[in-house]
Amino acid sequence: MKERKRIYLSPPHMSGKEYMKIEEAFKSNWIAPLGPLVNEFEQVVADYAGVKRGAALSSGTAAIHLALKLIGVQKGDVVFCSTLTFVASANPILYEQATPIFIDSERETWNMCPLALEKAFVEAKRLGQKPRAVIVVHLYGQSAKMDDIVALCEAYDVPIIEDAAESLGALYKGRKSGSIGRFGVYSFNGNKIITTSGGGMLVSDDEEAIEHCRFLASQARERAMHYEHQEMGYNYRMSNLLAGVGIAQMDVLDERVEQKRRIFQRYQDALSEVEGLHFMPEYQGTKSNRWLTTLTIDHNAQISPVDIMAALEKEQIEARRVWKPLHQQPLFRDYPFYTAAKGTPESELLFETGLCLPSGTSMTDTEQDRIIDTLHDVLREKTFTSSQAARS
Ligand SMILES: *Cc1c(COP(=O)(O)O)cnc(C)c1O
């Protein structure tokens, strides 16, 4: 039997120009977690986002952690966070021994529900708690309803950290995702829309805060002729080598967004006739980067995301389920969760019915057609039987 090449969910896609930047680092011998390429990368990303400054770090998780530190989150403080997300959005809250409170999703963006957020604010006020920060995630490249969320956070005077790890290059009403809150977080992990193999960035208009972020990320070393320390620091800086990769990747970011969107469009065109499938919507006034093409399968479709994943796996195709909500994770079992309405929370429905399809920008049309054909095969069988069953 002919071995088929495995299709991954979202593998790295180099432009080819990364080598030149790495060579630049080698030639100048800047192989340290500091150097001219780090500065350049920070400015390229900040300019792209339309904010004043960026601090290049070892990961997106480190960026979330330092954003919490800069806001002054301490032991016992409350931090609101989207529930439907990767665990990295909330782990840093635990690093600081603060209390995460999880907020449900709404159907139109899959992100933080403003009604649920308001409920959480009202209840916190009743309890005499003031949350120290709100972490809003823009899932799979789709921006949350920022107008509503910003209005609430302003009314309650709480700063926003935008976890834009998945949404670099996406737009909300013409503004770049990650540029709206007090802090924005990007990730350059290997599976993200662009990558430095591993890395992250904290961006903000608050130049002083970003300066302090760089300080904390490099062991909080004071300016002195010897090693002097007043504050506890971290080793969170990005290396100059990887910043070189990042600069070259930024050159192709807009191209990658269009490629991701085209992949989404091809899936949607090919599968729009299939009953019971719903692609992740794109909310009015926003432009998603379509990091991953994501869809839901109706509960009564007689086929589950797990069945589809198994069928794809047989064909050497990697698919993934939607994030399991954090309020359902054993790790966060003891923390509060707010939802807007009675009944099954939206985030749980999205988890149960959601599926992410391979969306690598280096995927060929032929490879994507292989995925689409496999999907047609499994779905045709199942939806046929279910509509026949409905008729009889
Ligand atoms: C990838 C990701 C992160 C973490 O980024 P790392 O660079 O891997 O630490 C945080 N939040 C979300 C939503 C992510 O998808």
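Residues numbered from 1 in each chain as written. Predicted model: local features only at pLDDT ≥ 70, side-chain atom pairs only at ≥ 80, totals over all residues. Heavy atoms only, no water.

Quick notes on the overall build of the chain
How we decide: Under the scheme used here, helices are H or I runs from DSSP no shorter than 4 residues and strands are E runs no shorter than 2 residues, and both carry numbers assigned from the N terminus. Each radius of gyration reported is based on C-alpha atoms, and the globular scaling rule is 2.2 Å times the count of residues to the power 0.38. Only heavy atoms matter for contacts: two residues are in contact if any of them lie within 4.5 Å across the pair. Under the convention used here, a 1.4 Å probe and the Shrake-Rupley method define accessible areas, while residue burial counts only the protein chains that appear. Note on charges: Lys and Arg go in the positive column, Asp and Glu in the negative column, and His and the chain ends are not counted at all. Charge positions come from single atoms, namely NZ of Lys, CZ of Arg, CG of Asp or CD of Glu.
On a plain count of helices and strands, the chain comes out with 12 helices and 15 strands. In terms of C-alpha radius of gyration, the chain reaches 22 Å, essentially the compact-globule figure of 21 Å for 392 residues. If one aligns the C-alpha atoms of the chain with their principal axes, the spans along those axes are about 85 × 60 × 35 Å. Contacts in the chain between residues at least 24 apart in sequence constitute 72% of all its contacts with a sequence separation of at least 6. Looking at the chain as shown, the accessible area adds up to about 17800 Å², and 50% of this sits on carbon and sulfur atoms. Of the side chains in the chain, 44 bear a positive and 52 a negative charge, and the two mean positions are spaced by 2 Å.

A closer look at the site of the ligand
As a reminder, the rule being used: Throughout, near means a residue has at least one heavy atom within 4 Å of the molecule or strand. By the criterion applied in these results, polar contacts are pairs of N or O atoms within 3.5 Å in which, for protein atoms, one can donate a hydrogen and the other can accept it, and in which residues neighboring in sequence qualify only through two side-chain atoms. Points on a 1 Å grid, built from protein atoms alone, make a cavity when a 1.4 Å probe fits but cannot get out and make a pocket when they are open with protein on both sides within 12 Å along at least 5 of 7 lines; residues with an atom within 4 Å of a point are the lining residues. A pocket or cavity is taken to hold a molecule when more than half of that molecule's atoms are within 2 Å of the pocket's grid points. Just so you know the grouping, Ala, Val, Leu, Ile, Met, Phe, Trp, Tyr, Cys and Pro go in nonpolar, Asp, Glu, Lys and Arg go in charged, and all remaining residues, Gly too, go in polar.
Lining the immediate environment of the ligand, one finds 15 residues, of which Thr61, Asp163, Glu166, Ser187 and Lys192 sit closest. Measuring from an oxygen atom of the ligand, one finds a side-chain N or O atom of Ser187 at 2.7 Å. Alone, the ligand offers 390 Å² of accessible surface; in the complex the protein occludes 94% of this. Placement of the ligand is best described as lying within the largest pocket. Here the shell around the ligand is built from residues that sort into four nonpolar, eight polar and three charged.

Considerations on empty space enclosed by the protein
Under the convention used in this document: Grid points are joined across faces, edges and corners, and a volume is the space filled by probe spheres set on the points.
This structure, assessed with the given rule, holds one cavity of 30 Å³ or more. One number sums up the size of the largest cavity: a volume of about 40 Å³. The wall of the largest cavity is formed by 13 residues, among which Pro11, His13, Lys192, Ile193 and Thr361 lie closest to the centre. Across the lining of the largest cavity, the residue classes break down as four nonpolar, six polar and three charged.

Considering the packing of helix α5 (residues 114-126) against helix α6 (residues 146-155)
Two measures define how a pair of helices packs: the angle their axes make with one another and the distance between the axes. Put simply, the rule reads: Angles run from 0 to 180 degrees between N-to-C directions of axes, and those axes are lines fitted to C-alpha atoms, restricted for helices to the stretch in contact. The labels follow the angle: roughly parallel below 35 degrees, roughly antiparallel above 145, roughly perpendicular from 65 to 115, and oblique for the rest.
Contact pair α5 / α6: the axes reach a minimum separation of 10 Å and the direction vectors enclose 10°. Judged by the angle between their axes, α5 and α6 are roughly parallel. Judged by residue contacts, Pro114, Leu117, Glu118 and Phe121 of α5 engage Asp148, Ile149, Leu152 and Cys153 from α6. Split into classes, the residues belonging to the contact of α5 with α6 amount to six nonpolar, no polar and two charged.

Overview of the environment of Gly16
Rule in force here: Residue exposure (1.4 Å probe, protein chains only): buried if accessible area is under 20% of the type maximum, exposed if over 50%, otherwise partly exposed.
For Gly16, the position within the fold is in the segment before α1 (18-28). Take Gly16: its relative accessible area is 44%, and that puts it in the partly exposed class. For the pair formed by Gly16 and Gln259, sequence separation is 243 residues and the distance between their alpha carbons is 17 Å.

What to know about the pattern of salt bridges
Heads up, the rule is: A pair is scored as a salt bridge if a Lys or Arg side-chain nitrogen falls within 4 Å of a carboxyl oxygen belonging to Asp or Glu.
The final tally for this structure, using the stated rule, is 25 salt bridges. A salt bridge links Arg132 to Asp77; its shortest N-O distance comes to 3.4 Å. Within this pair, whereas Arg132 is found in the loop between α5 and β4 (133-137), its partner Asp77 is found in the loop between α3 (60-71) and β2 (78-82), the two being separated by 55 residues in sequence. The salt bridge involving Asp147 is made with Lys173; its shortest N-O contact spans 2.4 Å. Linking Asp147 in helix α6 with Lys173 in the loop between β6 (171-172) and β7 (175-176), this pair joins segments that are 26 residues apart in sequence. Classification of Asp147 by relative accessible area gives partly exposed; the value is 39%. Through salt bridges with shared partners, a single ionic network connects Glu42, Glu211, Arg214 and Arg237.

Nothing here speaks to function; it is geometry throughout.
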